[in-house]
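# Chain and residue survey
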Amino acid sequence: MRSLRRTPAPAPSHRRRSRRSLRLVVALAATAALALPSAATARGPQPASTGTVKTTTHTYVVLLASPPLATYDGDVPGLARTAPRPGHRFRADRPAVASYHSYLLGEQEQVLGDLGSPPVLYHYTTALNGFAAELTDDQAAALSNHTDVLAVERSRVEHVAGSRSRDRLGLAGTDGVWQSVGGPGDAGSGTVIGVIDSGIWPENPSFAAVPLDAATTRATYPGFTGTCGPGERWSPSLCNAKVIAARSFLRGFGADNLSSAEFESPRDGSGHGSHTAAIAAGNAGVDVSVDHQHFGHVSGVAPGAALAVYKACWAAPDPGNDGCATPDTAKAIDQAVHDGVDVLNYSVSGHDTQLTDVIELAFLNAAAAGVFVSAAAGDDGPGSGTVSHSGPWVTTVAASRTDSFQGAVTLGNGKTLSGAMVSNQGVGERPLVAARNVPAHGVAPWRAEHCFPGSLAARRVEGAVVVCARGLNGRVTKSRAVGQAGGAAMVLVNRTRGGTDADLHAVPTVHVTKSEGRQILAYLGAAKHPTASLDAESGRRLPPAMADFSARGPSPVSADVLKPDLTAPGVSVLAAVAPPSNFGHLWDLYSGTSMAAPQVAGLAAIISGRHPQWTPAMTKSALMTTARPVGDIALPLQQGAGEVGPRAMLDPGLVYGAGYDDWLAYLRGSGDSAAAPFVDGTTAGIRPVDLNMASIAVGSLVGEESVTRTVTNVGGSTESYTARVTGLRGIAASVSTPSITLRPGGSATFDVTLTARGNARYGRFAQGELTWQGSAGHVVSSPVVVRPELVDAPAELTATDLTGSLGLTAQAGVTGTIDVASSGVVGAAPHGFVLKTGAFDPMTPRADASTSRFDYRVPVGTTTARFDARTASPGDDLDLYVYRHGSLVVAAETPGRDELVTLDDPRPGHYEVYVHAASALGEVTLGSLTGWLLRGANNHAVGDEVSESLQVAPSPVTVTGGRPFGLTLSWQRLDGARRWLGVVGYDDSDRRTFLTVN
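Reading the values: the criteria
- Residues numbered from 1 in each chain as written.
- Predicted model: local features only at pLDDT ≥ 70, side-chain atom pairs only at ≥ 80, totals over all residues.
- Heavy atoms only, no water.
- Helix = DSSP H or I, 4+ residues; strand = E, 2+ residues; numbered from the N terminus.
- Buried < 20%, exposed > 50% of the residue type's maximum accessible area, 1.4 Å probe, protein only.
- Disulfide = S-S within 2.5 Å.
- Salt bridge = Lys/Arg side-chain N within 4 Å of Asp/Glu carboxyl O.
- Phe/Tyr/Trp six-rings, centres within 6.5 Å; stacked < 30°, edge-to-face > 60°.
- Lys NZ or Arg CZ within 6 Å of the ring centre and 35° of its normal.
- Pairing = 2+ DSSP bridges.
- Axes fitted to C-alpha atoms, helices over the stretch in contact; angles between N-to-C directions.
- Parallel < 35°, antiparallel > 145°, perpendicular 65-115°, else oblique.
- Contact = heavy atoms within 4.5 Å.
- pLDDT = per-residue confidence, 0-100.
- Core = buried A, V, L, I, M, F, W, Y, C linked by side-chain atoms within 4.5 Å.

On to the overall build of the protein chain. Helices and strands together make up the secondary structure of the protein chain, namely 16 helices and 55 strands. Here the protein chain holds 998 residues, and 59% of them are scored as buried.

All right, on to the state of the cysteines then. Scanning the entire structure with this criterion turns up three disulfides. Across the disulfide, Cys228 is cross-linked to Cys239 (sulfur-sulfur distance 2.0 Å). Across the S-S bond linking Cys228 and Cys239, the dihedral sits near 80 degrees, which makes this disulfide right-handed. Placement of the pair is Cys228 in the loop between α4 (214–220) and β9 (243–248) and Cys239 in the loop between α4 and β9, with a sequence separation of 11 residues. Cys451 shares a disulfide with Cys468; S-S distance 1.9 Å. Taking the torsion about the S-S bond as the criterion, the Cys451 to Cys468 disulfide, at about -80 degrees, is left-handed. Taken together, the positions of Cys451 in the loop between α8 (445–449) and α9 (458–461) and Cys468 in strand β20 (residues 465–469) put the pair 17 residues apart, joining distant regions of the chain. For the pair shown, Cys451 and Cys468 are each scored as buried. Numbered by position along the chain, the disulfide-linked cysteines of the protein chain connect as 1-2, 3-4, 5-6.

Right, let's get into the pattern of salt bridges. According to the stated counting rule, one finds 27 salt bridges in the structure shown. In this structure, Glu262 and Lys311 form a salt bridge, with 2.7 Å as the shortest nitrogen-oxygen distance. Note that Glu262 is positioned in the loop between β9 and α5 (272–281) and Lys311 in strand β12 (residues 306–311), a separation of 49 residues in sequence. Classification of Lys311 by relative accessible area gives buried; the value is 0%.

Our focus in this paragraph is the packing of aromatic side chains. Centre distance and the angle of the planes are the two values used to describe a pair of aromatic rings. Scanning the entire structure with this criterion turns up 14 aromatic pairs. Here a set of aromatic residues connected by ring pairs shows up, and it is made of Phe840, Tyr881, Tyr883 and Tyr914. The cationic tip of Arg267 hangs over the ring face of Trp201; the distance from NZ or CZ to the ring centre is 4.6 Å. The cationic tip of Arg447 hangs over the ring face of Phe452; the distance from NZ or CZ to the ring centre is 4.2 Å.

Moving on, we come to the sheet that holds strand β53 (residues 964–971). Strand order across the open sheet formed by four strands is β37-β39-β53-β51, with antiparallel pairing between neighbours. Because the sheet does not close on itself, it has two edges, and the strands there are β37 (791–792) and β51 (951–953). The sheet contact formed by β37 and strand β39 (residues 804–812) spans two bridges and is antiparallel. Looking across to β39, one finds that Asp792 is bridged to Gln811.

Packed helices, taken two at a time, are described by their axes: the angle between them and the distance between them. Remark: helix α7 (residues 358–368) packs on helix α16 (residues 660–669), axes separated minimally by 9 Å, with the N-to-C direction vectors making an angle of 150 degrees. The angle between α7 and α16 falls in the class roughly antiparallel. Where α7 abuts α16, its residues Leu364, Asn365, Ala367 and Ala368 lie against Tyr660, Trp663, Leu664 and Leu667.

In this section: unusual backbone geometry. Cis geometry is found at the peptide bond from Gly381 to Pro382, where omega equals 5 degrees. Position of Pro382 relative to the elements: it lies in the loop between β15 (372–376) and β16 (395–401). In the segment running from Lys563 into Pro564, the intervening peptide bond is cis, with an omega of 0 degrees. The residue Pro564 is located in the loop between β24 (545–546) and β25 (566–569) in this model. Positive phi, normally seen in glycine, also occurs at Ser117, with a value near 55 degrees. Among the structural elements, Ser117 can be located in the loop between α1 (95–114) and β4 (120–124). The exposure class of Ser117 is exposed, given its relative accessible area of 55%. Positive phi, close to 60 degrees, is recorded for Leu728, a residue that is not glycine. Note that Leu728 resides in the loop between β31 (719–727) and β32 (731–735).

α7 packs onto helix α6 (residues 326–339) with a crossing angle of 5 degrees between their chain directions and a minimal axis gap of 10 Å. Relative to α7, α6 is oriented roughly parallel. Residues Thr326, Thr329, Ala330, Ile333 and Val337 of α6 lie in contact with α7, whose contacting residues are Val358, Ile359, Ala362, Phe363 and Ala366.

Close inspection of predicted coordinates is inappropriate in any region flagged by low pLDDT. For the protein chain, the average pLDDT comes to 87, and 90% of its residues sit at 70 or higher. Confidence over residues 162–166 falls short of pLDDT 50; this stretch has 22 contacts with residues more than four positions distant or in other chains. Between residues 937–943, whose pLDDT stays under 50, and residues either more than four places distant or in other chains, the model counts 16 contacts.

Two pairing modes exist for strands in a sheet, parallel and antiparallel, and in both the strands are linked by backbone hydrogen bonds. Strand order in the open sheet formed by five strands is β29-β36-β35-β31-β33, with mixed pairing between adjacent strands. The open sheet has two edge strands, β29 (696–701) and β33 (739–742), and neither has a second partner. The sheet shows a mean angle of 20 degrees between the axes of neighbouring strands, direction not considered. Relative to strand β36 (residues 779–788), β29 runs parallel, the two being bridged by four bridges. By the bridge assignment for β36, Val698 is matched with Val786.

Glancing now at the nonpolar core. Here is a general trend for soluble globular proteins: nonpolar side chains tend to be buried in one another's company. Ile193, Ile606, Leu623, Leu770 and Trp772 are the most contacted members of the largest nonpolar core, which totals 101 residues. For this core, the leading source of residues is helix α12 (residues 593–610), giving 10 residues. Ranked by size, the runner-up nonpolar core spans 69 residues in total, among them Ala127, Ala132, Ala332 and Ala369.

Right, let's get into the environment of Leu664. Inspection of the secondary structure assignment puts Leu664 in helix α16. C-alpha of Leu664 to C-alpha of Ala675: the two residues are 11 residues apart in sequence and 9.3 Å apart in space.

Within strand β49 (residues 925–934), eight of the 10 residues are buried, which leaves it mostly tucked inside the rest of the structure. Two elements, strand β44 (residues 864–871) and β49, share eight bridges in a ladder whose sense is antiparallel. When the bridges of β49 are listed, Ala865 appears paired with Leu933.

Shown next as structure tokens:
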């Protein structure tokens, strides 16, 4: 599986939450790992070190408050608007662009001058307004007080998220989408797909074309201004009518960090970029053979589209450090939008908890400039809540699998087991051996079991079918080890639950699941002379399904926006690669959501070629409403609207549209404090559930809720539509206007009202579909997901009286009775500190005059832990960092003065907690931190006082669905030297209310 994944740089084992801005930093979720401090281990601020200290710099991306070219609306006197109108792309050749570009650079130079003119890596002016520079931590901290600075983010390195000639999407044929646009050569004609990845191998036949001079490029792609830059083993002459532009961006990653197999140019060093580019827009009908095996012909999804390559992802000596540095990626997006691409493909995983990091903001502004963005959902499945790229302006693509490349192994007892197999060469009956039982002399059996090179005894392997275990080394490396030892074939066995992959192996290979592997190993243990044969044709046909690795929803940012949006085939996709890193092959099979995203990018290019006036949101809607479910049951949290269906996407009937103002309103209404700095204070917010998307998601339904949508007729004639909602077990759904008639260009707004029934499964998502059936045959389908909740109660209550009571008002999602229970209360003594402001590096944390460290221990059985850092002054700002055994668990860096984090079921172990003074009005900031630990019913916690005095009444409470109900909390005789924490729970709901008594 090939995937680009985003991780911190340098490469510690944790994910770092980066500071966002002016003390405008990323607001983290309210759950985080904590531990209660022991008084013996808590430490206050340490004295600053003395002597000569080497000044350390890091790469930061700094964003300024003025809008970039892509979204500037002309509000500066004398500087005309540069943002494109809806339905148009950004044009860099407009006279107004040069003037405002100079204005932005002037602002940037002013800020840099105030810092002492540090080294600058890049200036951003189109999709972002800012720069990447080498800054000391003190300089970065100083930017927090600069009036022109919007955000400061430390550089990260993101890792990339890998087809047979069989036409998986139904592109060809008399009823295929290619035919409807004039043939494959016209599919995407006149459009440019920008690919931000690891570069391209231009000699591959998928990218062959006649040379194209600048004048012809301008005539063919008016408004496109991209160029073909020089570099290692690369010259501008390598660009042609297919690859019309190519640039590389390395300053953030650093030339010193490159693998020897890498090229300091747009030339691909790993193969990933070539693969994604070829999938999106590779030439049609390219003949493919690998190692004497003929695979027929391959084609990109949009063979008529041109490619603009932006290399921002690089190979390092250690593959674990491969990836794409934030400054380089940001510059690639900025350049692509400035050049005038129509579509961007980004097969790189992203932040799963942020909407407003540098990259997601760049995509927001790219979409505002009319650029469709397709991004990989990530390969962290099958767990829930693992999807990346939660921004509604991005089309987030999951990966499905098909039945291609199947074969079978037949055992000597007659049992036939199917698996993934690429080779078309069968293997007759041969001896079957377990690799673990045939180690070479002096080799540990575990190395032989996993078929490391040189680990197998040739005299016992020669001519045999060898059973190798998956894991520890590459799948293809295992088959090469078998071939080098003289083996005839390999059976690759999963040792854990997971899917199978078709690879170009050195010997014929069948890859089987854990269940099938057990049967093979059982046969090996029972048979005196075990044998096996391989057949490339007898494997059973597998039904379409989601790939196990494909990341799932709900979105960890907001369950009120459905992610992923779509799925496309992403398992064993055959396409171009770079020979140096692929055993000399021009072609290979990769799997991952990286392979699914460029298929959607290619389809978007086809739509853009046919409907150039459509906005990215309209294109996304057309793809979603014409998609088809993968498998027998639609599962939107896995696949969004389903697998893309190209045959209907050019004529979807109705579309759901949204634009830049809508996305800003969504950010304003999201309640995310980290998003607030990026939204104009005059922008009116909308509820995330009401953002006009071609999907409906309600992450918390208590009783009843209505969501609003607007559809527009993009067909050529007047048509009547009737609405129908299906699925949604336990949820009643009604449409306010179930029948509409729209002329071409006409719109209609409607509400969908959702109500939890008595048989609703509370706390679990119900899944269904809203369909508009048109009188002219259009079928416009939208996925719907709803999670009914038993109760909606306040998350926090506070009190000051040591004996007292407090009223609580909640809302019920059910009619009947609800059991309510309290945990009692736990008392903890606050730990005081006095800090000066200064810099803090989360990569290398240490206590000093600006930072206090406290050591904590979380024992087994902890159910809930909370950590609260408070400052005595309203004008001061604290940050909080929690590490477990030296690895960062969470960073709380909100713009507010205090930080509060809570964790359910924290992992036991030793924690180091740092409280940092981010800013202060005076010379020092005074504050305290308090930790509480709740452990089961009695909340026993070593070193803390426990009281059972917290009572809640009535319990049970009689409730009516959708209506409020009241409770009373009471307590008595608490110790005033401590702060107290209790929690109220509601039946089987995961909702709860914390009570803090200070």
